[in-house]
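Listed here are the chains, written in short residue letters.
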Amino acid sequence: MGYRVAVVGATGNVGREILNVLAERQFPLDEVAAVASARSTGDEIDFGDSGETLKVKNLEHFDFSGWDIALFAAGSEVSKVYALKAAAAGCTVIDNSSLYRMDPDVPLLIPEVNAAHLDAIAVQQKNRGYDGGFIVTNPNCSTAGLVLVLKPLADAFGLEKIFVVTMQAVSGAGYPGVASLDILGNVVPFISGEEEKMEEEPQKLLGKWDGSRFIDAGMGISAHCNRVPVRDGHMECVSLSLKKIASIHEVAEVLRDFAVDDELASLPTAVRNPIVVVDEDNRPQPRRDADAGNGMAAVVGRIRECSLLDVKLALLSHNLVRGAAGAAVLNAELLAVRGYLQYRNASKLSVAEPIAR
Ligand SMILES: NC(=O)c1ccc[n+]([C@@H]2O[C@H](COP(=O)([O-])OP(=O)(O)OC[C@H]3O[C@@H](n4cnc5c(N)ncnc54)[C@H](OP(=O)(O)O)[C@@H]3O)[C@@H](O)[C@H]2O)c1
């Protein structure tokens with residue numbers, strides 16, 4: 001017994017990774033559909049390493065009714081029309097685009113950070129007249145790693161100001177991404193819309209749902225975003241000021257000790273300790289560390305005093321996994337165990353035993 005899951009944008013960087021994660025983590029499936037544009041309709045694509053292939057379906061002719069979950073990874077223009085259609089048809093929509101992330105009734109979800117924001121779903125369904133369907137969104141790929149690391153620090157010490165400089169991988173730009181002559185041996189100090197997302201999304205993620213609206217966390221955030229010639233894994237150099245005085249040792253301990261509860265740890269795509277602290281001076285590095293925790297952990301190193309703010313550190317997270325595909329599947333797993341997918345078949349939920357890692 002499982003769910004009927006449609007992956008929209010299945011031929012793209014994120015969509016292919018979603019299929020990999022669904023197959024690898026053994027998400028309970030009755031059926032999976034690979035959906036994309038007319039350009040790739042009829043193409044055969046791999047369902048991860050399962051040995052199965054899927055024939056790509058044309059989104060224009062795809063009927064979402066009867067599908068339990070629609071994982072969208074086809075950009076904002078597609079989500080603008082089809083994510084709404086899917087939610088109206090009763091689907092649980094998990095959207096990777098930025099379009100609905102800051103909507104006042106849409107959870108922007110990182111399960112390890114703000115699962116309580118799922119309470120907004122009932123308000124969304126009422127506001128929008130959805131009968132069973134709803135939309136949940138994933139954060140921007142750099143925001144995902146940053147906020148995962150900020151969460152335990154916010155809880156332990158409070159956060160006042162964050163200054164972050166990113167070095168973002170080419171796979172974050174979609175396929176075929178940045179032209180090779182623009183990125184090989186080069187750095188591009190601009191990614192359209194990225195700094196704005198990094199400055200606003202953490203406020204919602206680390207803020208609160210008060211029963212009728214989201215209250216921002218109210219931190220000061222300044223972000224510089226750069227594209228660098230790295231394949232996978234976004235690096236971020238972060239300086240922060242804390243509300244409470246803390247030693248570097250205490251900051252490192254809080255990050256090292258960050259662990260999720262049993263419910264979350266039982267989800268196949270989750271890791272018990274989603275932050276890995278490394279001690280070597282020259283880590284984290286994308287090539288060596290991006291796959292930590294099956295790509296779901298943020299790797300933190302170089303925790304030290306900052307002469308302008310209080311603390312500085314380097315962090316790395318896998319943009320396609322933690323920042324998109326793994327995050328989307330983890331959201332689906334959480335929604336499943338919390339009973340949000342019981343609309344169609346109340347008896348279905350059983351997420352597989354966690355995979356040993
Ligand atoms: N890459 C990342 O690290 C990352 C991280 C977080 C979030 N995101 C977000 O995830 C989304 C997908 O990103 P990506 O990097 O995977 O992009 P991508 O590699 O360019 O893939 C785009 C996908 O969307 C499909 N598509 C485009 N226009 C369509 C249309 N009109 N109808 C149906 N399908 C259409 C494409 O299908 P065809 O093959 O048929 O053209 C392809 O499957 C974007 O919103 C992006 O901002 C990406």
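Residues numbered from 1 in each chain as written. Predicted model: local features only at pLDDT ≥ 70, side-chain atom pairs only at ≥ 80, totals over all residues. Heavy atoms only, no water.

1. Description of the nonpolar core
A general trend in soluble globular proteins is that nonpolar side chains are found buried together. In plain terms, the rule: Buried residues of nine kinds, namely Ala, Val, Leu, Ile, Met, Phe, Trp, Tyr and Cys, make up a nonpolar core once their side-chain atoms join them within 4.5 Å. Each residue is placed in one exposure class: buried if its accessible area under a 1.4 Å probe, protein chains only, is under 20% of its type's maximum, exposed if it is over 50%, and partly exposed if it falls in between. For the purposes of this entry, the term helix denotes a DSSP run of H or I that reaches at least four residues, the term strand denotes a run of E that reaches at least two, and both are numbered from the N terminus. Contacts were defined at the residue level, with two residues in contact if any of their heavy atoms lie within 4.5 Å.
Ranked by size, the top nonpolar core spans 47 residues in total, and within it V7, I18, L22, I69 and L71 carry the most contacts. Contributions of two or more residues to this core are made by β1 (3–8), α1 (13–24), β2 (29–36), β6 (69–72), β8 (134–137), α9 (262–265) and α11 (321–337). With 10 residues, the single largest contributor to this core is α11. Ignoring anything within four residues of it in the chain, the contact list for L22 reads V5, V7, F27, V32, F47, L71 and V329. Ranked by size, the runner-up nonpolar core spans 37 residues in total, among them L108, V113, L153 and L206.

2. Focus: the sheet that holds strand β12 (residues 220–227)
Put simply, the rule is: Two strands pair if DSSP finds at least two bridges between them. Simply put, an axis is a line fit to the C-alpha atoms, just over the touching stretch for a helix, and the angle between two N-to-C directions goes from 0 to 180 degrees.
If you trace the six strands from one edge of the open sheet to the other, you get β12-β9-β13-β16-β15-β14, paired in mixed fashion. Across the chains shown, the open sheet's two edge strands, defined by having one partner strand only, are β12 and β14 (275–277). Ignoring strand direction, the axes of neighbouring strands in this sheet form an average angle of 20 degrees. Here strand β9 (residues 159–168) pairs with β12 via eight bridges, running parallel. Within β12, the position partnered with M167 by the bridge is N226. Its contacts with the sheet put helix α7 (residues 194–205) on β9, β12 and β13 (234–242), and the angle it makes with β12 is roughly 145 degrees.

3. Details of helix α5 (residues 141–157)
Along an α-helix, a turn takes 3.6 residues, which lines up residues three or four apart on a common side. Heads up, the rule is: The span you would expect from a helix comes to 1.5 Å times its residue count less one. Bend at a given residue is defined as the angle between two axes, one fitted to the seven residues that end at that position and one fitted to the seven that begin there. In protein, a polar contact means a hydrogen-donor-capable atom and an acceptor-capable atom, both N or O and within 3.5 Å, with residues adjacent in sequence counting only if both atoms are side-chain atoms; elsewhere, any N or O pair within 3.5 Å suffices.
Relative to the 24 Å expected for 17 residues at 1.5 Å per residue, α5 spans 25 Å between its end C-alpha atoms, a close match to the ideal helical length. Bending of α5 peaks at approximately 30 degrees at the position of L150, with proline P152 no more than four residues after it. Extensive coverage of α5 is indicated by the burial of 14 of its 17 residues. With a side-chain oxygen positioned 3.0 Å from the backbone nitrogen of S142, the residue opening α5 is N140. Immediately downstream of α5, the backbone of G158 shows phi near 80 degrees, a positive value.

4. Regarding the packing of aromatic side chains
Formally: Ring pairs are drawn from Phe, Tyr and Trp, using the six-membered ring of Trp, whenever the two centres fall within 6.5 Å, and their geometry is named by plane angle: stacked under 30 degrees, edge-to-face over 60, tilted for the rest. Criterion for a charge above a ring: Arg CZ or Lys NZ at most 6 Å from the ring centre, at most 35 degrees from the ring normal.
Applying the stated criterion across every chain, the model contains six aromatic pairs. Ring geometry for F62 and W67: centres 5.4 Å apart, planes at 45 degrees, overall tilted. On the basis of relative accessibility, which here comes to 12%, the residue F62 falls in the buried class. Take W67: its relative accessible area is 5%, and that puts it in the buried class. Of note, K204 hangs over the ring of F214, and the distance from its end group to the ring centre comes to 4.6 Å.

5. What to know about the packing of α1 against α11
To keep it simple, the criterion reads: Roughly parallel here means an angle under 35 degrees, roughly antiparallel means over 145, roughly perpendicular means 65 to 115, and every remaining angle is called oblique. The crossing is said to be left-handed when, going from far helix to near helix, the turn is anticlockwise and less than a right angle, and right-handed when the turn is clockwise. Residues were grouped as follows: Ala, Val, Leu, Ile, Met, Phe, Trp, Tyr, Cys and Pro as nonpolar; Asp, Glu, Lys and Arg as charged; and all remaining residues, including Gly, as polar.
In contact at an axis separation of 9 Å, α1 and α11 are set at 50 degrees when each is read in the N-to-C sense. Relative to α11, the element α1 lies oblique. The handedness of the crossing between α1 and α11 comes out as right-handed. Here V14, E17, I18, V21 and L22 of α1 lie close against α11, whose contacting residues are V321, A324, A325, G326 and V329. Per-class residue counts for the contact of α1 with α11 are eight nonpolar, one polar and one charged.

6. Focus on the pattern of salt bridges
Under the convention used in this document: We count a salt bridge whenever a side-chain nitrogen from Lys or Arg sits within 4 Å of a carboxyl oxygen from Asp or Glu.
Scanning all chains against the criterion turns up 15 salt bridges. The salt bridge partner of E31 is R4, with a shortest N-O separation of 2.9 Å. Placement of the pair is E31 in strand β2 and R4 in strand β1, with a sequence separation of 27 residues. Of the residues examined, E31 reaches a relative accessible area of 33% and is grouped as partly exposed. Salt bridges sharing common partners tie together D103, D105 and R128.

7. With respect to the site of the ligand
The line we're drawing: We define proximity as follows: a residue is near a molecule or strand when any one of its heavy atoms falls within 4 Å of that partner. Shrake-Rupley sampling with a 1.4 Å probe provides the accessible areas, and residues are treated as covered by the protein chains on show and by no other component.
Near the ligand you find 26 residues, and of these T11, V14, S37, S40 and Y175 are the closest. Within the backbone of G9, a nitrogen or oxygen atom sits 3.1 Å from an oxygen atom of the ligand. Between the ligand and N13 there is a distance of 2.9 Å, counted from an oxygen atom to a backbone nitrogen or oxygen. Expressed as a share of its isolated accessible area of 900 Å², the protein-covered part of the ligand is 77%. Elements that contribute at least two residues to the shell around the ligand include exactly α1 and α11. Looking at the shell around the ligand residue by residue, the classes come out as 11 nonpolar, 14 polar and one charged.

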